[in-house]
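# Residue-level structural notes
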Amino acid sequence: MLRNEKGQATIEAAFVLPFALVLVLLLIQPGILLYDRIVMKAAASEGCRLLATNSDSFAASDAEDYIKRRLGAVPQQDCFHVHRPECSWEIQLSGSESTKDTFVTITNEAKPLPLFDTGASLLGLLNERGNFELEVHASSQTQPSWAKQVLSKGGPRAAVGAWLYAN
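Residues numbered from 1 in each chain as written. Predicted model: local features only at pLDDT ≥ 70, side-chain atom pairs only at ≥ 80, totals over all residues. Heavy atoms only, no water.

## Here we look at the packing of helix 1 (residues 8-52) against helix 2 (residues 60-70)
At their nearest, the axes of helix 1 and helix 2 sit 9 Å apart, and the two run at 150° to each other. The angle between the axes of helix 1 and helix 2 places the two elements in the roughly antiparallel class. Relative to helix 2, helix 1 is oriented so that their crossing is right-handed. Together, Val-39, Ala-43, Glu-46, Gly-47, Leu-50 and Leu-51 of helix 1 and Ala-63, Tyr-66, Ile-67 and Arg-70 of helix 2 make up the contact between the two elements. For the contact of helix 1 with helix 2, the per-class residue count stands at seven nonpolar, one polar and two charged. (Axes fitted to C-alpha atoms, helices over the stretch in contact; angles between N-to-C directions. Helix = DSSP H or I, 4+ residues; strand = E, 2+ residues; numbered from the N terminus. Parallel < 35°, antiparallel > 145°, perpendicular 65-115°, else oblique. Left-handed = near helix turned anticlockwise from the far one by under 90°. Contact = heavy atoms within 4.5 Å. Nonpolar A, V, L, I, M, F, W, Y, C, P; charged D, E, K, R; others polar.)

So, in structure tokens, the structure goes:
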């Protein structure tokens, strides 16, 4: 005897669809935070390279402006970057071409999405303003190790043609 099973897929979809929607929503917040961190890390690394190639007379505000232009890839939406009442980018710079290393630290705040705000606050992931706080660090040497070796062995003039005799 055959039974009429029309509408079976509709009933299954009605049970599965809410779970699939919640799963997609749960992936959005980590994706936003990961995107922020990637852009911030790239901007910090570029800031380190900028500091390593500029003299002490180079204005720190110019380097900060350069880094903020790179951070412009992050949308000015509160879930990506809190921009009101004041910009939440905090940039700390250290070093120049005359120092051994350069350091850049960037801090940002992002407002959690509606499904995440309660859970994140219960887990203690939010700061006192109710936002996620993201921080990245970057550092680089102003002179690579091979350049230091060349300079310690008599300078660039002594290194010219040295590769001819290298084993």
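## With respect to the pattern of salt bridges
On inspection of all chains with the given rule, the structure shows three salt bridges. Arg-70 is the partner of Glu-46 in a salt bridge, and the nearest nitrogen-oxygen pair spans 2.8 Å. Remark: Arg-70 occurs in helix 2 and Glu-46 occurs in helix 1; sequence separation between them is 24 residues. Residue classification places Arg-70 among the partly exposed positions, given a relative accessible area of 33%. Between Arg-129 and Glu-109 there is a salt bridge, with the nearest N and O atoms lying 2.0 Å from each other. Here Glu-109 lies in strand 2 (residues 101-110) and Arg-129 lies in the loop between helix 3 (114-122) and strand 3 (132-141), a separation of 20 residues in the sequence. (Salt bridge = Lys/Arg side-chain N within 4 Å of Asp/Glu carboxyl O. Buried < 20%, exposed > 50% of the residue type's maximum accessible area, 1.4 Å probe, protein only.)

## Some details on the packing of aromatic side chains
Overall, the coordinates contain one aromatic pair when judged by the stated rule. Arranged with centres 6.2 Å apart and planes meeting at 90°, the rings of Tyr-35 and Phe-80 form a pair that is edge-to-face. Of this pair, Tyr-35 sits in helix 1 while Phe-80 sits in the loop between helix 2 and strand 1 (90-94); the two residues are 45 residues apart in sequence, bridging distant segments of the chain. (Phe/Tyr/Trp six-rings, centres within 6.5 Å; stacked < 30°, edge-to-face > 60°.)

## Here we look at helix 2
Listing the buried residues of helix 2 in full gives Ala-63, Tyr-66 and Ile-67. Seen from one end, helix 2 has its buried residues packed into an arc of 95°, which puts them on one side. (Arc of directions from axis to C-beta.)

## Quick word on a negative patch on the surface
On the surface, a cluster of negative charge is made up of Glu-86, Glu-90, Glu-133 and Glu-135. Along the chain, the position of Glu-133 falls in strand 3. You can call Glu-133 partly exposed: its relative accessible area is 46%. (Patch = residues over 30% accessible without salt bridge, like charges linked within 9 Å, V, L, I, M, F, W, Y side chains within 5 Å. Areas by Shrake-Rupley, 256 points an atom, 1.4 Å probe, with all protein chains shown as cover. Lys, Arg positive; Asp, Glu negative; His and termini not counted. Charge placed at Lys NZ, Arg CZ, Asp CG, Glu CD.)

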